[in-house]
Amino acid sequence: MPDAYLASLHAGNCRATFCEQFDEKSRIWNYNRHEHSLIELIYFLEGKADIKDKDRTMALSLFELVVYPAHVAHQEYLDTRYHQAVICLHLSCEAALPFDRLFKLKDEQGILRWLMRQIHHEFHHEGPYQQQLLNDLINLLISQMQKISHEYQAPKANIAEKCMQFIQEHFSEPIDMGRLSQEMFVSPSYLNRMFKRRFGTTPILYLNRYRMEVAREMLVQTDSKISAISSFVGLEDSKHFAKLFKRMTSLSPAAYRVTFTNKPETS
């Protein structure tokens, strides 16, 4: 992670010049290879995409913030099978160190999402305290980005953290302990023991909880069919998905959607 680059960003020297929330139909998307003179941040509220810089392709999904440093050429490829919703923020930052790669930050606690939404709200509501609030929110956003990057680089980022990151990046794919242990180059029993010691649960239970958290968000924030949501979170059997969802939330997916959105059941 680019710790030195993030450390060079200071809210007092950063100004928001653009902040919009849009979907896959928006004309704001530029699908050609391009770069920006400012720093661009994109938070994925919904959907999936691949983004390519000079020599690598990065997969992006829910609860991730991608950072495009100034003058880093890139190209975006949306996964058109899914509805997309993002918040895009442009920052003009004085004295920021140059950095030649785009990178992403995993928003495990939802703090980056909340901050991006608050910045978007304040950006579009003029008032006597607008600039002060924006400065404070940008300061918090940068500090949280620095914290996430630092924690990822810290010595505690061991096999359990790497396993958690793999789950978060591949939750929509078929995953079992066999695959996880192969990816981590350890035995299933060792991985299970290390993960439980670090997080108090097993990798598979964490995977299921993460999938259900994504599903809960999609049920509330989108009109996607329940079968499509089931497929999106890596569970092709929608009956099994519904059973797992009810076990973890005490409500069926349809009942959860009605309870928290007042929308009719979508099966």
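Here is what the cut-offs are and how they apply
- Residues numbered from 1 in each chain as written.
- Predicted model: local features only at pLDDT ≥ 70, side-chain atom pairs only at ≥ 80, totals over all residues.
- Heavy atoms only, no water.
- Helix = DSSP H or I, 4+ residues; strand = E, 2+ residues; numbered from the N terminus.
- Rg over C-alpha atoms; globule rule 2.2 N^0.38 Å.
- Contact = heavy atoms within 4.5 Å.
- Areas by Shrake-Rupley, 256 points an atom, 1.4 Å probe, with all protein chains shown as cover.
- Phe/Tyr/Trp six-rings, centres within 6.5 Å; stacked < 30°, edge-to-face > 60°.
- Buried < 20%, exposed > 50% of the residue type's maximum accessible area, 1.4 Å probe, protein only.
- Salt bridge = Lys/Arg side-chain N within 4 Å of Asp/Glu carboxyl O.
- Disulfide = S-S within 2.5 Å.
- Core = buried A, V, L, I, M, F, W, Y, C linked by side-chain atoms within 4.5 Å.
- Axes fitted to C-alpha atoms, helices over the stretch in contact; angles between N-to-C directions.
- Parallel < 35°, antiparallel > 145°, perpendicular 65-115°, else oblique.
- Left-handed = near helix turned anticlockwise from the far one by under 90°.
- Nonpolar A, V, L, I, M, F, W, Y, C, P; charged D, E, K, R; others polar.
- Arc of directions from axis to C-beta.
- Polar contact = N/O pair within 3.5 Å; in protein donor to acceptor, adjacent residues only side chain to side chain.

**Student:** What is the right way to read the overall build of the protein from this model?
**Tutor:** Check the secondary structure of the protein and you find 10 helices and eight strands. Its C-alpha radius of gyration of 19 Å places the protein within 12% of the 18 Å reference for a compact globule of 267 residues. Pairs at least 24 apart in sequence give 73% of the contacts found in the protein among residues at least 6 apart. Carbon and sulfur atoms make up 50% of the accessible area of the protein, which amounts to about 13800 Å² in all.

**Student:** Explain the packing of aromatic side chains to me, please; I cannot follow it from the model alone.
**Tutor:** Each aromatic ring pair is characterised by the separation of its centres together with the angle its planes make. One pass over the structure, following the stated rule, counts 14 aromatic pairs. Consider the rings of phenylalanine 195 and tyrosine 206, whose centres lie 5.9 Å apart with planes at 55 degrees: the pair is tilted. Here phenylalanine 195 is found in helix 6 (residues 188-199), whereas its partner tyrosine 206 is found in helix 7 (residues 203-221), with 11 residues between them in sequence. Judged by relative accessible area, phenylalanine 195 falls into the buried class, the value being 0%.

**Student:** I'm lost on the pattern of salt bridges in this one. Help?
**Tutor:** Should their charged atoms come close, side chains of opposite charge can pair. Per the counting criterion, the structure on display carries 10 salt bridges. For the salt bridge of arginine 101 with aspartate 53, the shortest nitrogen-to-oxygen distance reads 3.7 Å. Taken as a pair, arginine 101 in the loop between strand 7 (85-93) and strand 8 (103-106) and aspartate 53 in the loop between strand 3 (49-52) and strand 4 (57-60) lie far apart in primary sequence, 48 residues in all. We classify arginine 101 as partly exposed; its relative accessible area is 23%. Between glutamate 161 and arginine 198 there is a salt bridge; the shortest N-O distance is 2.3 Å. Of this pair, glutamate 161 sits in helix 4 (residues 159-170) while arginine 198 sits in helix 6, placing them 37 residues apart in sequence. On the accessibility criterion, glutamate 161 (16% relative accessible area) is buried.

**Student:** Explain unusual backbone geometry to me, please; I cannot follow it from the model alone.
**Tutor:** Even without a glycine there, the phi angle at histidine 71 is positive, about 70 degrees. By the element assignment, histidine 71 lies in the loop between strand 5 (64-68) and strand 6 (75-78). If you check the backbone angles, phenylalanine 185 has positive phi at about 60 degrees while not being a glycine. Structurally, phenylalanine 185 is set in the loop between helix 5 (177-184) and helix 6.

**Student:** Would you mind showing me how to read the state of the cysteines here?
**Tutor:** Covalently bonding the sulfur atom of one cysteine to the sulfur atom of another cysteine gives a disulfide. The tally for this structure, following the rule as stated, stands at one disulfide. Here cysteine 14 pairs with cysteine 93 through a disulfide, and the sulfurs are 2.2 Å apart. The chirality of the disulfide connecting cysteine 14 with cysteine 93 is right-handed, given an S-S dihedral of about 120 degrees. With cysteine 14 in strand 1 (residues 14-23) and cysteine 93 in strand 7, this pair connects stretches of sequence that are 79 residues apart. As far as burial versus exposure is concerned, cysteine 14 and cysteine 93 are alike and both buried. Take cysteine 19: it sits in no disulfide, and the sulfur closest to it among the cysteines is that of cysteine 88, at 7.7 Å.

**Student:** Before we go on, may I ask you to explain the nonpolar core in this structure?
**Tutor:** Buried together is how nonpolar side chains tend to be arranged in soluble globular proteins. Counting residues in hydrophobic clusters, the biggest one holds 65 residues, and the most contacted among them are Leu41, Leu65, Leu89, Leu141, Met145, Val214 and Phe241. With eight residues, helix 7 is the single largest residue contributor to this core. Valine 214 has contacts with Leu62, Phe63, Phe171, Phe232 and Val233, leaving out every residue within four places of it along the chain. Core analysis: the next-biggest nonpolar cluster, separate from the first, contains 14 residues, Met58, Val66, Leu78 and Val86 among them.

**Student:** Sorry if this is basic, but what is going on with the packing of helix 4 against helix 5 here?
**Tutor:** Two quantities define a packed helix pair, namely the angle between the helix axes and the distance between the axes. Interaxial distance between helix 4 and helix 5 falls to 10 Å at its minimum, and their mutual angle equals 125 degrees. The orientation of helix 4 with respect to helix 5, classified from their angle, is oblique. Judged by the twist between their axes, the crossing of helix 4 over helix 5 is right-handed. In this structure, helix 4 contributes Ile159, Lys162, Cys163, Phe166, Ile167 and His170 to the contact, and helix 5 contributes Arg179, Leu180, Glu183 and Met184. Residue composition of the contact of helix 4 with helix 5, grouped by class: six nonpolar, one polar and three charged.

**Student:** Honestly, helix 5 in this entry has me stumped. Any pointers?
**Tutor:** Since the α-helix turns once every 3.6 residues, residues separated by three or four places project in the same direction. Residues of helix 5 that are buried include every one of Met177, Leu180, Ser181 and Met184, and no others. Down the axis of helix 5, the smallest arc covering the buried residues is 95 degrees, so these residues share one side. Those residues of helix 5 that are buried lie in contact with helix 4, helix 6 and helix 7. At the N-terminal boundary of helix 5, the capping side chain belongs to aspartate 176, with an oxygen 3.1 Å from the backbone nitrogen of glycine 178. Phenylalanine 185 sits one or two residues past helix 5 and shows a positive phi near 60 degrees.

Nothing here speaks to function; it is all geometry.
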